[in-house]
Amino acid sequence: MNRILIGFVVGFIIWSILWLGSDELLKFVPMIYPTTDIDGSLNVVPANFLLLKLALSIIFSLLAGLIAASISRETLKAPLILGFMLLVVGVFFQFGTWNLLPLWYHLLFLILLLPMTLLGGKLRKFEAVID
């Protein structure tokens, strides 16, 4: 049980660091990152930025699920807990930006969190074959 908890926590931390870090790095790419008005309100967010963020979310979820499964030494429990926690936190943050971003982005972001994290956990089977 301790390994499952550690796997979940490390996976969550890794996902969060990657997500927040990627957002900070993307700020240096002005052609992609959405701009704000003088009053701080967000302009229209380009679709290419949202698609990039979805792709990053998929990659980070796969990686976090793989890490959680590797630490816990099993492919289901830690990635499942991690996926649900990412979903709960994701719902909280998506509702914070609900009126700023299109519905398709919110739904795809949330729908993909759990399955991609579980798939990342299943990738541990391939990691074990390589070892």
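Keep in mind that this is a model prediction, so the values were computed, not measured.

### Observations regarding the overall build of the protein
In step 1: Looking only at helices and strands, the protein has five helices and zero strands in total.
In step 2: Helices and strands in the protein line up, N terminus first, as α-α-α-α-α.
In step 3: For the protein, buried positions account for 35% of its 131 residues.
In step 4: Here the contacts in the protein between residues at least 6 apart in sequence split such that 74% fall between residues at least 24 apart.
In step 5: When the accessible surface of the protein is summed, it comes to about 7900 Å², and 76% of that surface belongs to carbon and sulfur atoms.

### So, the nonpolar core
In step 1: Counting 21 residues, the largest nonpolar core has Trp 15, Trp 19, Leu 50, Leu 82, Tyr 105, Phe 109 and Leu 113 as its most contacted members.
In step 2: Elements represented by at least two residues in this core include exactly helix H1 (2-26), helix H2 (47-72), helix H3 (77-96) and helix H4 (103-122).
In step 3: A total of seven residues in this core trace back to one element, the largest contributor, which is H2.
In step 4: Apart from residues no more than four positions distant in its own chain, Phe 109 is found in contact with Trp 15, Trp 19, Leu 54, Ser 57, Gly 90 and Gln 94.

### Let's talk about the pattern of salt bridges
In step 1: Using the criterion set out here, one finds two salt bridges in the structure.
In step 2: When the shortest N-O distance is used, the salt bridge between Lys 53 and Asp 23 registers 3.4 Å. Here the residue Lys 53 occupies a position in helix H2, and Asp 23 occupies one in helix H1, the gap between them amounting to 30 residues. Note on accessibility: Lys 53 and Asp 23 belong to one class, buried.

### Some words on the packing of H1 against H2
In step 1: One way to put it is that H1 packs onto H2 with a least axis distance of 8 Å and a crossing angle of 155 degrees. Judged on the interaxial angle alone, H2 and H1 are roughly antiparallel. Seen along the crossing, H1 lies across H2 with a hand that is right-handed.
In step 2: Taken together, the residues that form the contact of H1 with H2 break down as 18 nonpolar, six polar and three charged.

### A few points about the packing of H2 against H4
In step 1: Packing of H2 against H4 brings their axes to within 7 Å, and their N-to-C directions diverge by 25 degrees. Our classification of the angle between H2 and H4 gives roughly parallel. In this structure, H2 crosses over H4, and the sense of that crossing is right-handed. Here H2 contributes Ala 47, Leu 50, Leu 51, Lys 53, Leu 54, Ser 57, Ile 58, Ser 61, Leu 62, Gly 65, Leu 66 and Ala 69 to the contact with H4, which in turn contributes Trp 104, Tyr 105, Leu 108, Phe 109, Leu 112, Leu 113, Met 116, Thr 117, Leu 119, Gly 120 and Gly 121.
In step 2: Tallied by class, the residues present in the contact of H2 with H4 amount to 16 nonpolar, six polar and one charged.

Calculation rules
- Residues numbered from 1 in each chain as written.
- Predicted model: local features only at pLDDT ≥ 70, side-chain atom pairs only at ≥ 80, totals over all residues.
- Heavy atoms only, no water.
- Helix = DSSP H or I, 4+ residues; strand = E, 2+ residues; numbered from the N terminus.
- Buried < 20%, exposed > 50% of the residue type's maximum accessible area, 1.4 Å probe, protein only.
- Contact = heavy atoms within 4.5 Å.
- Areas by Shrake-Rupley, 256 points an atom, 1.4 Å probe, with all protein chains shown as cover.
- Core = buried A, V, L, I, M, F, W, Y, C linked by side-chain atoms within 4.5 Å.
- Salt bridge = Lys/Arg side-chain N within 4 Å of Asp/Glu carboxyl O.
- Axes fitted to C-alpha atoms, helices over the stretch in contact; angles between N-to-C directions.
- Parallel < 35°, antiparallel > 145°, perpendicular 65-115°, else oblique.
- Left-handed = near helix turned anticlockwise from the far one by under 90°.
- Nonpolar A, V, L, I, M, F, W, Y, C, P; charged D, E, K, R; others polar.

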